[in-house]
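Remarks on the overall topology
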Amino acid sequence: MDLFRNLIIILFSINQLYSQSKNDIWKVESQITKRIGNVNFNFPENFSDLDRRESLIKETFVSIEEISENIGIELKDTIYVRFVSTREEMKPLTNSKSSGMTYPHIKTCYLVLNDKVDTPLKHELTHLIVMLGWGYPHQTSNWMNEGLSTSQVNNCNGYSVSELYRYFLEKNKLVDINSLTSNFYGNSEMISYHQSGQIVSYLLENYSLEQFEELWKTGLDNFQLIYGENFLSIIDKMENELRNKYPIIPNLDFDLFLKGCMNPDVEL
């Protein structure tokens, strides 16, 4: 008797789901796509700013060339750069409302067009190109992953990563180095990304790319073995150089900075 009752309940539930699905409204999401070289571009059909579309396409190829030159990785894969209009449209695609997201396993960047912060095209392309070239970073190298992408852009509201780090240093805003390397995404995004960006820039400017790649793949525990110096001693050296380089700290509006790297074409 219980088995029969359970069967009736299951059949009733299936019928209810089917009835609901018949009443659902199917929506058309129109896209326009074009492949140029080894990049597939995807824009919303209703995106009417043709000048900006062409500008983003140009920026893509300029960024790929600069990233490849700076990091020594040639992009051989065919990749997909998909733009959506709003953060809300990002949610069903990435389960996130971030302004940009990268999925190396499907060789795709997703980017928001209309937002108060800049479309992080070069940032996300760096993620994609590096992870296609070197693989996913070691679990202790998340700071390197985000720092590398941030250092390639090297601009937030007119400030470089070195200028921002100098400000953080002077104002005691820096994320604790243990937290930065072990719990990267648990910290203030605007500080941790740019703090890591400066450390990455320093390593790439003063040491070899091969050392950086090895650290990316094997993790922070191998830092001294790879670099021949203690991680914290290199940080100290870098900070002393920044103090000398910027005796007067940047006049940063910190509260505005925390809101993100602003898109100058969008009113706050």
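This text goes with the structure placed above it.
Residues numbered from 1 in each chain as written. Predicted model: local features only at pLDDT ≥ 70, side-chain atom pairs only at ≥ 80, totals over all residues. Heavy atoms only, no water.

**Some remarks on the nonpolar core**
Grouped together as the largest cluster of nonpolar side chains are 61 residues, with contacts concentrated most on Val81, Phe83, Trp143, Ile199, Leu203, Phe212 and Tyr227. With residues near it in sequence (within four places) discarded, Leu203 still touches Trp143, Phe212, Phe223, Tyr227 and Ile234. (Core = buried A, V, L, I, M, F, W, Y, C linked by side-chain atoms within 4.5 Å. Buried < 20%, exposed > 50% of the residue type's maximum accessible area, 1.4 Å probe, protein only. Contact = heavy atoms within 4.5 Å.)

**Examining unusual backbone geometry**
In this structure, Asn154 takes a positive phi of about 55° despite not being glycine. Here Asn154 is to be found in the loop between helix H5 (142-153) and helix H6 (161-170). One non-glycine residue, Asn172, lies in the positive phi region at around 55°. Position of Asn172 relative to the elements: it lies in the loop between H6 and helix H7 (177-182). (Helix = DSSP H or I, 4+ residues; strand = E, 2+ residues; numbered from the N terminus.)

**Remarks on the packing of helix H2 (residues 50-71) against helix H4 (residues 121-134)**
Where H2 contacts H4, the axes come no closer than 9 Å and their chain directions differ by 45°. The pairing of H2 with H4 is recorded here as oblique in orientation. As for the relative orientation of H2 and H4, their crossing is right-handed in sense. Within the contact between the two elements, H2 uses Leu56, Glu59, Thr60, Ser63, Ile64, Glu66, Ile67 and Ile71 and H4 uses Leu121, Lys122, Leu125, Thr126, Ile129, Val130 and Trp134. When its residues are assigned to classes, the contact of H2 with H4 shows 9 nonpolar, 3 polar and 3 charged. (Axes fitted to C-alpha atoms, helices over the stretch in contact; angles between N-to-C directions. Parallel < 35°, antiparallel > 145°, perpendicular 65-115°, else oblique. Left-handed = near helix turned anticlockwise from the far one by under 90°. Nonpolar A, V, L, I, M, F, W, Y, C, P; charged D, E, K, R; others polar.)

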